[in-house]
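Structural description and commentary
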Amino acid sequence: MYGLRVYNSGWIMDSFFHQFGGTLFNEDRTKSLVNSSEIKEAMALWQKMVAEEVAVYQGGGDGSNMDAAGQVGLVMRSTGSIQWFKDNVTHDWGVVPYAIGPNRAVSLGGGNVYMIKRTTEQEQLAAWEFLSYLTTTENQIHWSLSTGYMVSRQSAFDSPEIQQILQDDPRYRVTYDQIQYSFARPKVEAWPEIEDIIQEAMTRIVLQGESVDILDQAALDIDELL
Amino acid sequence: MGRRAQIDNLHGWLFISPAIVIFTVFIFAPMGVAFFISLQKWNMLSPMRFVGLANYVKMIGSDHFWNSVRISMLYVLGTVPVSIGLAMIFAIMLNTIVHGIAFFRIMIYLPVVTSMAAAAIVFQYIFEPTFGLANYVLDVVGLERMMWLNDPNQALVAVVIVGIWKRVGYNTIILLAGLQSIPTYYYEAATIDGASRMQMIRKITIPLLSPVTFFVTVMQIIASLKVFTSIVIMTNGGPARGTDVLPYFLYKNAFEYHKMGYASAVAYFLFGAIFIFTLAQFRFGEKRVHYQ
């Protein structure tokens, strides 16, 4: 049994870093700050917790299995996992805002929907129709109730169905309560590769016990991509 | 050329044309396009920009690229000797049994025809550290439990095991066919001369099997250099790039980082490596091969 399960999803790391006052990039996103003292401090805490077996470093399906089997006390997961927990976890569980470091911060985001500019008008109309369908009040309610994800429309939030579930099951409420502490995810073109670099660094630090100073090299690698 | 010869010639072209068309459309044309792309900077959305050999220069200077080369080499070293050695043992055993050979042949060949994607998912369960079969087996034989896919070094061991499991059947069947083509009178003569079983394996079987062994080795090295499915499903190249073999590295650059030009350059490196490897084997390996 572990107190906490951590893993290296980009948004988990980003939220964690923000709680220590760290950010991944400078204002205009031309330089990586992943080797700042704040982020090093955050990484060092994760490393210490895992080394002392207070926390376990385990992501993916194996990590979810640990949650379901009751092998971890706390885990940081998406609000979209609420329905998964209801379906798979038999012991009693609750939801609290994401708070570990000194500051309150949580990254707000998820799958964004985009339309591509350079297409034919017909394709754009079709895409627009599809996006409109995805975001109807009715579909937003259905989607949120089936997952736990935040609705993306005020009208859906105000709907009797959503208001009802917030009354009946306060675990859904946390999603909306923590909006005031949320920040936007960084938008940089090379993000998939940057995320891999940070994830690799985290694995080496947390799992293999390497020094947090390897983040200096990670920052250089990221700078090259910006 | 006479009329008759002309018609023969035409027939010849006609017969090989399906193969030529398929090769051109699916192999040669993409190879040409890939080379063209390798000289560009292209993310599949913005227009291409010609950059000359910049992608190749960047590749040579990249630590991550050389890490992938190293991992691929380790994967080859891990899979090739064991899968051929095991296949040799299985083939010799299969060659000596009289009854039930068809059954064992099928059993040993099953992994080859099993979908790698499906098998990889099952292997993920097997290598699961807490409940998995692999650690259970280690417990039973009294060895220490391993972290398998969660450890950068052990993950490579796990995917090597899967690679061996997948290929050993193919190697066995080819070697078995080779064994069965060795005429029995060599063994009869050796028996009359009083040779032992080990002597016969060393002096007759292994030399006469060498063309087949050579073929199997070449094919196995190519297959190992091209490993992809098990990696993408079981490890995603991780943890910490511990299983980031070249084909996965280039896939990731192409379809996750959208660096098509760079990925094409890596593809050409991989192609060149396989080509040179194979040529070298023919050059140096053939001297040790005995044809009947």
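This part is about the overall build of chain A. Helix and strand counts for chain A stand at 11 helices and 5 strands. Seen through its principal axes, chain A has C-alpha atoms that stretch 50 × 50 × 30 Å. For chain A, the proportion of contacts with a sequence separation of at least 24, taken over those separated by at least 6, is 69%. Of the roughly 12,300 Å² that chain A leaves accessible, carbon and sulfur atoms contribute 52%. For chain A, the distance from the average site of its 16 positive side-chain charges to the average site of its 31 negative ones is 3 Å.

Moving on, we get to the pairing of strand 1 (residues 2-6) of chain A. Residue and element names in this part refer to chain A. Strand direction decides the pairing type here: strand 1 and strand 3 (residues 72-75), joined by 3 bridges, are parallel. Considered in strand 3, the bridge of tyrosine 2 is made with valine 72. Both strand 1 and strand 2 (residues 55-57) contribute to a ladder of 3 bridges, which runs parallel. Paired with valine 6 across the strands is tyrosine 57, a residue of strand 2.

Right, let's get into unusual backbone geometry. Residues and elements named next belong to chain A. One non-glycine residue, arginine 29, lies in positive phi territory at about 55°. Inspection of the secondary structure assignment puts arginine 29 in the loop between helix 1 (10-19) and helix 2 (37-51). Positive phi outside glycine occurs at glutamate 53, with the angle close to 60°. You can see glutamate 53 is positioned in the loop between helix 2 and strand 2.

On to the interface of chain A and chain B. At the interface, 17 residues of chain A touch 18 residues of chain B. It is A:Glu193, A:Asp196 and A:Glu200 in chain A that bury the most area against chain B; as a group they hold 30% of the surface buried on that side. One can count 3 salt bridges joining chain A with chain B. Between A:Glu193 and B:Lys259 there is a salt bridge, with its nearest N and O atoms 2.8 Å apart. Linking chain A to chain B there are 7 residue pairs in polar contact (both at pLDDT 80 or more). Listed by contribution, the elements that provide at least two residues to the side of chain A that touches chain B are helix 10 (191-207) and helix 11 (214-225) of chain A.

Another aspect to go through is the side chain of B:Thr79. Residue and element names in this part refer to chain B. For threonine 79, the location among the structural elements is in helix 3 (residues 63-96). Given a relative accessible area of 1%, threonine 79 falls into the buried group. Only 2.7 Å separates the side chain of threonine 79 from the side chain of serine 224, close enough to count as a polar contact. For threonine 79, the contacting residues outside a window of four places in its chain are Val160, Gly163, Ile164, Gln220 and Ser224.

For the rest of this paragraph, the subject is the confidence of the model for chain B. Taken as a whole, chain B shows an average pLDDT of 91; of its residues, 98% reach a score of 70 or greater. Overall fold confidence for the complex sits at a pTM of 0.84, while the interface term, ipTM, reaches 0.76.

Residues and elements named next belong to chain A. By the assigned domains, chain A splits into domain 1 (2-109 + 182-225) and domain 2 (121-172). The C-alpha centroid of domain 2 is placed 28 Å from the C-alpha centroid of domain 1. Counting each side, the surface lost to burial between domain 1 and domain 2 is near 800 Å², with a carbon and sulfur contribution of 52%. Of all residues in domain 1, Ile82, Gln83 and Lys86 give up the largest surface area on contact with domain 2, accounting jointly for 45% of the area buried on that side. Inspection of the region where domain 1 meets domain 2 yields 1 salt bridge. Remark: the boundary between domain 1 and domain 2 carries 4 residue pairs in polar contact (both at pLDDT 80 or more). Sorting elements by how many residues they give to the side of domain 1 that touches domain 2 places helix 4 (residues 82-88) first, with 3 residues. In terms of residue class, the side of domain 1 that touches domain 2 is made up of 4 nonpolar, 6 polar and 1 charged.

Scanning all chains against the criterion turns up 26 aromatic pairs over all chains. Geometrically, the ring pair formed by B:Phe123 and B:Trp165 is edge-to-face, given 5.1 Å between the ring centres and 75° between the ring planes. Of the two residues, B:Phe123 sits in helix 5 (residues 116-126) while B:Trp165 sits in helix 7 (residues 152-180), which places them 42 residues apart along the sequence. Grouping aromatic residues by their ring pairs yields a cluster made of B:Phe65, B:Trp66, B:Phe249, B:Tyr262 and B:Phe269. A cation over an aromatic ring shows up here: A:Arg171 above the ring of A:Trp93, its NZ or CZ 3.8 Å from the ring centre.

On to a nonpolar patch on the surface, then. All names here are of chain B. Where nonpolar side chains cluster on the molecular surface, the patch consists of Val21, Ile22, Phe23, Val25, Phe26, Ile27 and Phe28 and spans about 710 Å² of accessible area. Structurally, valine 21 can be placed in helix 1 (residues 3-38). Note on valine 21: relative accessible area 48%, which makes it partly exposed.

This brings us to the sheet that holds strand 3 of chain A. Residues and elements named next belong to chain A. Spatially, 2-1-3 is the arrangement adopted by the 3 strands of the open sheet, whose pairing is parallel. One side of each edge strand has no neighbouring strand; the edge strands of this open sheet are strand 2 and strand 3. With direction set aside, neighbouring strand axes in the sheet form an average angle of 35°. Across the face of the sheet, helix 3 (residues 60-68) comes into contact with strand 1, strand 2 and strand 3 while running at roughly 150° to strand 1.

What follows covers helix 1 of chain A. All names here are of chain A. Among the 10 residues that make up helix 1, 9 are buried, leaving the element largely enclosed by the rest of the structure. Along helix 1, the positions that sit buried rather than exposed are Gly10, Ile12, Met13, Asp14, Ser15, Phe16, Phe17, His18 and Gln19. Buried-residue contacts for helix 1 involve helix 2, strand 4 (106-108), strand 5 (182-184) and helix 10. Where helix 1 terminates, the next one or two residues include glycine 21, which has phi positive at roughly 90°.

What counts as what
Residues numbered from 1 in each chain as written. Chains lettered and ligands numbered in written order. Predicted model: local features only at pLDDT ≥ 70, side-chain atom pairs only at ≥ 80, totals over all residues. Heavy atoms only, no water. Helix = DSSP H or I, 4+ residues; strand = E, 2+ residues; numbered from the N terminus. Contact = heavy atoms within 4.5 Å. Areas by Shrake-Rupley, 256 points an atom, 1.4 Å probe, with all protein chains shown as cover. Lys, Arg positive; Asp, Glu negative; His and termini not counted. Charge placed at Lys NZ, Arg CZ, Asp CG, Glu CD. Pairing = 2+ DSSP bridges. Buried area = accessible area lost by both parts, 1.4 Å probe. Salt bridge = Lys/Arg side-chain N within 4 Å of Asp/Glu carboxyl O. Polar contact = N/O pair within 3.5 Å; in protein donor to acceptor, adjacent residues only side chain to side chain. Buried < 20%, exposed > 50% of the residue type's maximum accessible area, 1.4 Å probe, protein only. pLDDT = per-residue confidence, 0-100. Domains from an automatic or database assignment. Nonpolar A, V, L, I, M, F, W, Y, C, P; charged D, E, K, R; others polar. Phe/Tyr/Trp six-rings, centres within 6.5 Å; stacked < 30°, edge-to-face > 60°. Lys NZ or Arg CZ within 6 Å of the ring centre and 35° of its normal. Patch = residues over 30% accessible without salt bridge, like charges linked within 9 Å, V, L, I, M, F, W, Y side chains within 5 Å. Axes fitted to C-alpha atoms, helices over the stretch in contact; angles between N-to-C directions.

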